[in-house]
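Survey of secondary and tertiary structure
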Amino acid sequence: MEVAGGRYSGGTVRGRMEGQGSYALPTGTEYRGALRDGMFDGEGELIFPNGGRYRAVWHRGVPMQGKYTFADGLQYKDKKWHYCDGYDRRFYTEICSGLKPPGTSQLTNLDPPKKIPEGCYDCGDGFYNPETRVIVDYKLRFLRNADDDEHEWIIRTCRKAWDETIEHKPKP
């Protein structure tokens, strides 16, 4: 069944999503779980295109309690969160597998990192093309258009596929 640009499979009552079902949103995110009166209600899980998962207990479309798990298996904790804080800047894969030998950099949590298309940036959930202001996932499927704030943040913060070699030049 087509619903608001997404696709739903599961039970219905009076034309609304009801019971156990699966709802694929146009963004590539998918919800699997209980629905009531067209809303997430009960136990269910959002599965994001980047591999992350948010498992929660929902009430009328609002998560009451839940846990987010990153694609690499790291579970987010809202209290006593020690991952990538001011004291420990290691990636989760470095915490689990150890650091690389001296002189070998690990640029992202993925090792080796994804190859960024020329002229684009890796913005964490996909690639950003500053000319079109479009963000696609790592399988090159459309995710969203970047607004001005996100554009500025990506240009300022994220890794770019450089079309020229940049070398460190010490001050004379």
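Right, let's walk through the structure included here.

Side note on the overall build of the protein
Of regular secondary structure, the protein possesses 2 helices and 12 strands. Reading the secondary structure of the protein in the N-to-C direction produces β-β-β-β-β-β-β-α-β-β-β-β-α-β. Classification of the 172 residues of the protein by burial places 28% in the buried group. In the protein, 15% of the contacts between residues at least 6 apart in sequence involve partners at least 24 apart.

Looking at the environment of Tyr68
Relative to the helices and strands, Tyr68 resides in strand S7 (residues 62-69). With 15 residues separating them in the primary sequence, Tyr68 and Arg53 have C-alpha atoms 5.6 Å apart. Tyr68 has contacts with Phe48, Asn50, Gly52, Arg53, Tyr54, Leu74, Gln75 and Tyr76, leaving out every residue within four places of it along the chain.

Quick notes on unusual backbone geometry
Positive phi values are uncommon outside glycine, yet Asp37 reaches one of about 55°. Along the polypeptide, Asp37 turns up in the loop between strand S4 (30-36) and strand S5 (39-47). Look at Asp37 and you get partly exposed, because its relative accessible area is 37%. Phi at Arg133 takes a positive value of approximately 60°, unusual for a residue other than glycine. By secondary structure assignment, the location of Arg133 is in the loop between strand S9 (127-129) and strand S10 (134-136).

Things to note about the sheet that holds S9
Note: strands within a sheet are paired through backbone hydrogen bonds, in either parallel or antiparallel orientation. The strand order across the open sheet built from 5 strands is S11-S10-S9-S8-S12, with neighbouring strands paired in antiparallel fashion. Two strands bound the open sheet, and with one partner strand each, they are strand S11 (142-145) and strand S12 (159-160). With 2 bridges connecting them, strand S8 (residues 121-122) and S12 associate as antiparallel partners. Directly across from Tyr121, in S12, lies its bridge partner Lys160.

Describing the pattern of salt bridges
Scanning the entire structure with this criterion turns up 9 salt bridges. Across the pair Arg55 and Glu45 runs a salt bridge, and its minimum N-O distance is 3.4 Å. Separated by 10 residues along the polypeptide, Arg55 in strand S6 (residues 53-59) and Glu45 in strand S5 bring together distant segments of the chain. Taking the relative accessible area as the measure of exposure, Glu45 reaches 10% and is therefore buried. Of the charged contacts, one joins Arg159 and Asp122 as a salt bridge, the two residues approaching to 3.6 Å between their closest N and O atoms.

Observations concerning the layout of surface pockets
Taken as a whole, the largest pocket spans an internal volume of roughly 890 Å³. Lining of the largest pocket is provided by 23 residues; of these, Thr108, Asn109, Gly124, Asp125 and Tyr138 occupy positions nearest its centre. Here the lining of the largest pocket is composed, by residue class, of 13 nonpolar, 5 polar and 5 charged. What the second largest pocket holds in volume is close to 160 Å³. Along its surface, the second largest pocket is lined by Thr27, Thr29, Phe48, Pro49, Asn50, Asp125, Asp137, Leu143 and Arg144.

Quick word on the packing of aromatic side chains
What describes a pair of aromatic rings is the distance from one ring centre to the other and the angle between the planes of the rings. The final tally for this structure, using the stated rule, is 7 aromatic pairs. With centroids separated by 5.1 Å and ring planes inclined at 80°, the aromatic side chains of Phe40 and Trp58 adopt a geometry described as edge-to-face. One end of the pair, Phe40, is in strand S5; the other, Trp58, is in strand S6, with 18 residues separating them in the sequence. Arranged with centres 6.0 Å apart and planes meeting at 85°, the rings of Tyr54 and Trp58 form a pair that is edge-to-face. There is no split in this pair, since Tyr54 and Trp58 are both buried.

Criteria and cut-off values
Residues numbered from 1 in each chain as written. Predicted model: local features only at pLDDT ≥ 70, side-chain atom pairs only at ≥ 80, totals over all residues. Heavy atoms only, no water. Helix = DSSP H or I, 4+ residues; strand = E, 2+ residues; numbered from the N terminus. Buried < 20%, exposed > 50% of the residue type's maximum accessible area, 1.4 Å probe, protein only. Contact = heavy atoms within 4.5 Å. Pairing = 2+ DSSP bridges. Salt bridge = Lys/Arg side-chain N within 4 Å of Asp/Glu carboxyl O. 1 Å grid on protein atoms, 1.4 Å probe; cavity = no way out; pocket = protein on both sides within 12 Å on 5 of 7 lines; lining within 4 Å. Points joined across faces, edges and corners; volume = space filled by probe spheres on them. Nonpolar A, V, L, I, M, F, W, Y, C, P; charged D, E, K, R; others polar. Phe/Tyr/Trp six-rings, centres within 6.5 Å; stacked < 30°, edge-to-face > 60°.

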